[in-house]
Amino acid sequence: MIRFSFLKSGDRQRSQQRPSGAEEPLQNRSLRGQIMANSGQKVVLITGCSSGIGLRIAVTLARDEKKRYHVIATMRDLKKKDKLVEAAGDAYGKTLMLLPLDVCSDESVRQCIDNVKDRHIDILINNAGVGLLGPLESISIEEMKRVFETNFFGVVRMIKEVMPDMKKRRSGHIVVMSSVMGLQGVVFNDVYTASKFAMEGFCESMAVQLMKFNIRLSMIEPGPVHTEFETKMMEDVAKMEYPGADADTVRYFKDVYLPSSIDIFEAMGQTPEDIANCTKKVIESNSPRFRNLTNSLYTPIVALKYADETGGLSVNTFYNLLFNFGPLMHITMSILKCLTCSCLRRRTISPN
Ligand SMILES: NC(=O)C1=CN([C@@H]2O[C@H](COP(=O)(O)OP(=O)(O)OC[C@H]3O[C@@H](n4cnc5c(N)ncnc54)[C@H](OP(=O)(O)O)[C@@H]3O)[C@@H](O)[C@H]2O)C=CC1
Ligand SMILES: CC1=C(/C=C/C(C)=C/C=C/C(C)=C/C=O)C(C)(C)CCC1
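Residues numbered from 1 in each chain as written. Chains lettered and ligands numbered in written order. Predicted model: local features only at pLDDT ≥ 70, side-chain atom pairs only at ≥ 80, totals over all residues. Heavy atoms only, no water.

Draft legend 1. Main features of the overall build of the chain. If you tally the helices and strands in the chain, you get 13 helices and nine strands. Just so you have it, the chain exposes about 17200 Å², and 55% of that area is on carbon and sulfur atoms. (Helix = DSSP H or I, 4+ residues; strand = E, 2+ residues; numbered from the N terminus. Areas by Shrake-Rupley, 256 points an atom, 1.4 Å probe, with all protein chains shown as cover.)

Draft legend 2. Spotlight on unusual backbone geometry. Despite not being glycine, Lys67 shows a phi value in the positive range, around 50°. You can see Lys67 is positioned in the loop between α1 (52–62) and β3 (69–75). The class of Lys67 is exposed, set by a relative accessible area of 55%. Positive phi values are uncommon outside glycine, yet Arg119 reaches one of about 55°. Residue position: Arg119 is located in the loop between α3 (106–114) and β5 (123–126). (Buried < 20%, exposed > 50% of the residue type's maximum accessible area, 1.4 Å probe, protein only.)

Draft legend 3. The arrangement of the site of ligand 2 in detail. Of all residues adjacent to ligand 2, which total 19 residues, the nearest are Ser179, Met181, Tyr192, Ile264 and Tyr298. The contact in question runs from an oxygen atom of ligand 2 to an N or O atom on the side chain of Ser179, over 2.5 Å. Tyr192 is positioned with one of its side-chain polar atoms (N or O) 2.7 Å from an oxygen atom of ligand 2. In the complex, the protein chains occlude 97% of the 530 Å² of accessible area that ligand 2 would expose alone. Those elements that provide at least two residues to the shell around ligand 2 are α8 (247–268) and α11 (312–324). Considered class by class, the residues forming the shell around ligand 2 number 16 nonpolar, three polar and no charged. (Near = heavy atom within 4 Å. Polar contact = N/O pair within 3.5 Å; in protein donor to acceptor, adjacent residues only side chain to side chain. Nonpolar A, V, L, I, M, F, W, Y, C, P; charged D, E, K, R; others polar.)

Draft legend 4. Summary view of a nonpolar patch on the surface. Residues Tyr252, Tyr319 and Phe323 make up a contiguous nonpolar surface patch of about 290 Å² in total accessible area. Relative to the elements of secondary structure, Tyr319 occurs in helix α11. (Patch = residues over 30% accessible without salt bridge, like charges linked within 9 Å, V, L, I, M, F, W, Y side chains within 5 Å. Salt bridge = Lys/Arg side-chain N within 4 Å of Asp/Glu carboxyl O.)

Draft legend 5. Quick look at the packing of aromatic side chains. Tallied over the full model, the rule gives eight aromatic pairs. Ring geometry for Phe253 against Tyr257: centres 6.1 Å apart, planes inclined by 10°, an arrangement best described as stacked. On the criterion of helical spacing, the pair formed by Phe253 and Tyr257 is a turn pair, its members being four residues apart in helix α8. Relative accessible area serves as the criterion here: at 8%, Tyr257 is assigned to the buried category. Directly above the aromatic system of Phe213 lies the positively charged group of Lys167, at a separation of 4.7 Å from the ring centroid. (Phe/Tyr/Trp six-rings, centres within 6.5 Å; stacked < 30°, edge-to-face > 60°. Lys NZ or Arg CZ within 6 Å of the ring centre and 35° of its normal.)

Draft legend 6. Structural view of the environment of Lys94. Inspection of the secondary structure puts Lys94 in the loop between α2 (82–88) and β4 (96–100). Through-space distance from the C-alpha of Lys94 to that of Glu284 is 21 Å; in sequence the pair is 190 residues apart. Within the structure, Lys94 has its side chain in polar contact with the backbone oxygen of Asp90 (distance 3.5 Å).

Draft legend 7. Structural detail: the packing of α1 against helix α9 (residues 272–284). It is the contact of α1 with α9, at a shortest axis distance of 8 Å, that shows an interaxial angle of 55°. When the axis of α1 is compared with that of α9, the two are oblique. Crossing handedness for the pair α1 and α9: right-handed. Where α1 approaches α9, its residues Gly52, Ile53, Arg56, Ile57, Thr60 and Leu61 are matched on the opposing element by Pro272, Glu273, Ile275, Ala276, Asn277, Thr279, Lys280 and Ile283. Along the lines of polarity and charge, the residues of the contact of α1 with α9 split into seven nonpolar, four polar and three charged. (Axes fitted to C-alpha atoms, helices over the stretch in contact; angles between N-to-C directions. Parallel < 35°, antiparallel > 145°, perpendicular 65-115°, else oblique. Left-handed = near helix turned anticlockwise from the far one by under 90°. Contact = heavy atoms within 4.5 Å.)

Draft legend 8. Summary view of α3. Restricting attention to buried positions, one finds in α3 the residues Ser108, Val109, Cys112, Ile113 and Asp114. Where α3 is buried, its residues touch β2 (42–46), β3, β4 and α5 (153–169).

Draft legend 9. Here's a closer look at the environment of Val43. Inspection of the secondary structure assignment puts Val43 in strand β2. Note on Val43: relative accessible area 8%, which makes it buried. Separated by 52 residues in sequence, Val43 and Thr95 have C-alpha atoms that sit 9.6 Å apart. Residues within four places of Val43 in sequence aside, it is in contact with Ala37, His70, Ile72, Val116, His120, Ile121, Asp122 and Ile123.

Draft legend 10. Inspection of the environment of Leu45 at higher detail. Within the secondary structure layout, Leu45 lies in strand β2. Take Leu45: its relative accessible area is 0%, and that puts it in the buried class. Along the primary structure Leu45 and Cys104 are separated by 59 residues, whereas in three dimensions their C-alpha atoms are 16 Å apart.

Draft legend 11. How the structure looks around the side chain of Ser108. Looking at the element boundaries, Ser108 is found in helix α3. Judged by its relative accessible area of 17%, Ser108 falls in the buried class. Contact partners of Ser108, with chain neighbours within four places excluded, come to Pro100, Leu101 and Asp102.

Draft legend 12. Representation of the UniProt feature "domain: Ketoreductase" (unreviewed entry) in the chain within the structure. Those residues carrying the UniProt feature "domain: Ketoreductase" (unreviewed entry) are residues 42–228 in this numbering. Secondary structure within residues 42–228 divides into 42% helix and 20% strand; the distance between the first and last C-alpha atoms comes to 30 Å. (UniProt positions renumbered as here; feature names shortened; annotations may be inferred.)

Written out as structure tokens, the structure reads:
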């Protein structure tokens, strides 16, 4: 079993004290110690900003040319703030502030939101997430619960905390970082996929009620993205022994699935910047879509699910791609990688 870090992230009274570990420049705190935005700015709170997609969304919004956003970038361990602070440059302390927030803790979530002035959040971006990959036999129920606690209950916890104020104001936008795996299962990602499916179902239901209160809900559905996930995944694979799984299953995982997965990452992996730009477009749209796929190369794969309501097309195609046409898939992905690679485009377009 592989654990990947993205994929490689009191009481009910209104707290007036600075959250433990918060390191906010003074000018951004009100007299009551709460985080303040300038008038006209939208307050955006993002979870899981220590790395990857969350970090990049925070930086992209905080560095908005028109300074339209007051970004509250949160992470569960502020000791990990350096990468974000460096990437934010002079936006840090002006349009970008940090707060500690662990989406798995009721108290941490409450304290964080209590430290936002009037608990006013215009846009909530639920990004924090963890992955889990490998044969089911080698994954404990405890590990599965941890994934659901972060990916599903983490989002539910955040929405429960922020939604009542948005409802009172009759305005707000909730964005959820889902995944193509929230729409379609991928072998050996069974539990991660299930956690994202759960979130999709929850959000699809919530969206209707929220619409009545003029609150928008948008799902971002990335395919593979180059974050700490990939390196962590390969490091873990080298170490793991997969106790409880039989030799055939381990072989299918290591020798069939993993090489195909690497091919797919190489051929169509996006960058965190791609996802941040897509998220920015969604929050800036006058009529944001509910579902937003970010990767046009992956869209035909997801389309298999919707082209056949019996599910057969999707399941059989994945089976064939993996177990019957593995080498063909490798060649196809190599060609795709070549076609989408900027070096080839440079060579054909450059006058030199
Ligand atoms: N990379 C990919 O291929 C894809 C990723 N996604 C989704 O994108 C989101 C971001 O992942 P990505 O940037 O790739 O991966 P990273 O591992 O780089 O980022 C995940 C972030 O979530 C944080 N996090 C984990 N648990 C918690 C928690 N309990 N409370 C608060 N923060 C937490 C991590 O913090 P810490 O540093 O403390 O661990 C980290 O900042 C996830 O929801 C993931 O499911 C969707 C599709 C594809
Ligand atoms: C499409 C496809 C495959 C792999 C897909 C992968 C690897 C997707 C990764 C998505 C991620 C990382 C989402 C994160 O949330 C297989 C099963 C190899 C073969 C069949 C077709």
